[in-house]
Amino acid sequence: AEVIVLLRIDDVLAVGENSIDLLAELDGHPAPDTKMALAGFTERPGGQSATAAVAMARLGLRTSYIGRVGDDDYGRRGLDSLVTEGIDVSGVVTVPGVTSRFAVILVDRCSGKRTVLWHRDPGLAMSAADLPAGAVGAVRVLYVEGRPRWEYTYLQRRLVRSEMDVQLQCWLSDVSPGFEQEH
């Protein structure tokens, strides 16, 4: 039997990645095989979908977030930051024994350029089963960070079949050539 999940009607559902970003500020970019003092260091919650959810919640929109986190400190801190912003995280999947996504971001304060070094455990990859059946039709705007691209195409097909008046906003990364023709 199919399980039907009743969701509250939200303005926005953000689906995709969340992260803890370790921001290392530098006065210039280090040369290979050297050491360099940090000009500043902070840890902040991030990730494209989680950041978009925070922005929309701060604009006063009722917002939910669905994604995957590990059962570690980064995962707890990432979810806590969303809850603090008033975002519903009841659809988040916590994966036991997995390290949550994080990024070390080198920021050159002189040029403003950055280098992002990231880690994402394969156990954090979302699947269609992570989205409750009623989630798509329970929102007015659906924001999807499209890595991997199945998220975008799966949700697009579900929207077409449901004939719901939902606006789909996507951040597509790692799109392969021919993607537009395929979908």
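Residues numbered from 1 in each chain as written. Predicted model: local features only at pLDDT ≥ 70, side-chain atom pairs only at ≥ 80, totals over all residues. Heavy atoms only, no water.

As for the overall build of the protein chain
For step 1, the next point in the chain: Counting secondary structure elements, the protein chain contains four helices and ten strands.
For step 2, the next point in the chain: When the helices and strands of the protein chain are read in sequence order from the N terminus, they spell out β-β-β-α-β-β-α-β-β-β-β-α-β-α.
For step 3, the next point in the chain: Going through the 183 residues of the protein chain one by one, you find that 43% of them count as buried. (Helix = DSSP H or I, 4+ residues; strand = E, 2+ residues; numbered from the N terminus. Buried < 20%, exposed > 50% of the residue type's maximum accessible area, 1.4 Å probe, protein only.)

A word on helix α1 (residues 48–58)
For step 1, the next point in the chain: Within α1, burial applies to Ser49, Ala50, Ala52, Ala53, Val54, Met56 and Ala57.
For step 2, the next point in the chain: Positive backbone phi, at 95 degrees, marks Gly60, one or two positions downstream of α1.

Observations concerning the nonpolar core
For step 1, the next point in the chain: By size, the foremost hydrophobic cluster in this structure holds 16 residues, and its most contacted members are Tyr65, Leu79, Leu82, Ile87, Val89 and Val92.
For step 2, the next point in the chain: Contributions of two or more residues to this core are made by β1 (10–15), α1 and α2 (73–84).
For step 3, the next point in the chain: Here the element with the most residues in this core is α1; it accounts for six residues.
For step 4, the next point in the chain: With residues up to four places along the chain from it excluded, the contact list for Leu79 reads Val69, Val89 and Val92.
For step 5, the next point in the chain: Judged by nonpolar contacts, the second largest core, of nine residues, contains Ile66, Val139, Leu142 and Val144. (Core = buried A, V, L, I, M, F, W, Y, C linked by side-chain atoms within 4.5 Å. Contact = heavy atoms within 4.5 Å.)

Some points on the side chain of Asp108
For step 1, the next point in the chain: Topologically, Asp108 is positioned in strand β7 (residues 102–108).
For step 2, the next point in the chain: Although Asp108 lies buried, it forms no salt bridge, and the closest oppositely charged side chain, Arg109, sits 7.5 Å away as judged by the N-O distance.
For step 3, the next point in the chain: Separated by 3.4 Å, the side chain of Asp108 and the backbone nitrogen of His29 make a polar contact.
For step 4, the next point in the chain: Non-local contacts of Asp108, meaning those with residues more than four positions away in its chain, are made with Leu26, Asp27, Gly28, His29 and Lys113. (Lys, Arg positive; Asp, Glu negative; His and termini not counted. Salt bridge = Lys/Arg side-chain N within 4 Å of Asp/Glu carboxyl O. Polar contact = N/O pair within 3.5 Å; in protein donor to acceptor, adjacent residues only side chain to side chain.)

Focus on the side chain of Arg101
For step 1, the next point in the chain: Here Arg101 lies in the loop between β6 (93–95) and β7.
For step 2, the next point in the chain: Take Arg101: its relative accessible area is 10%, and that puts it in the buried class.
For step 3, the next point in the chain: A polar atom in the side chain of Arg101 sits 3.3 Å from the side chain of Ser19.

Overview of the pattern of salt bridges
For step 1, the next point in the chain: Applying the stated rule across the entire model yields eight salt bridges.
For step 2, the next point in the chain: The partner of Glu43 in a salt bridge is Arg77, and the shortest N-O contact between them spans 2.6 Å. Placement of Glu43 in strand β3 (residues 40–46) and of Arg77 in helix α2 is noted, with a sequence separation of 34 residues between them.
For step 3, the next point in the chain: Residue Arg58 is joined to Glu85 by a salt bridge in which the shortest nitrogen-to-oxygen separation is 2.7 Å. Placement of Arg58 in helix α1 and of Glu85 in the loop between α2 and β6 is noted, with a sequence separation of 27 residues between them.

A word on the pairing of strand β8 (residues 114–119)
For step 1, the next point in the chain: Here six bridges tie β7 to β8, and the two strands are oriented antiparallel to one another. Opposite Phe102, over in β8, you have His119 as the bridge partner.
For step 2, the next point in the chain: Between β7 and β8, which pair antiparallel in sequence order, lie five residues; one of them, Gly112, sits at a positive phi of approximately 85 degrees. (Pairing = 2+ DSSP bridges.)

Things to note about the sheet that holds β7
For step 1, the next point in the chain: Read from one edge of the open sheet, four strands run β3-β2-β7-β8, paired in mixed fashion. Two strands lie at the open edges of the sheet, namely β3 and β8, each paired on one side alone. Sheet twist, expressed as the mean angle between neighbouring strand axes with direction ignored, is 20 degrees.
For step 2, the next point in the chain: As paired elements, strand β2 (residues 19–26) and β3 share seven bridges and run antiparallel to each other. Within the sheet, the bridge partner assigned to Leu22 lies in β3 and is Glu43. (Axes fitted to C-alpha atoms, helices over the stretch in contact; angles between N-to-C directions.)

Function-wise, these values are silent; they only describe arrangement.
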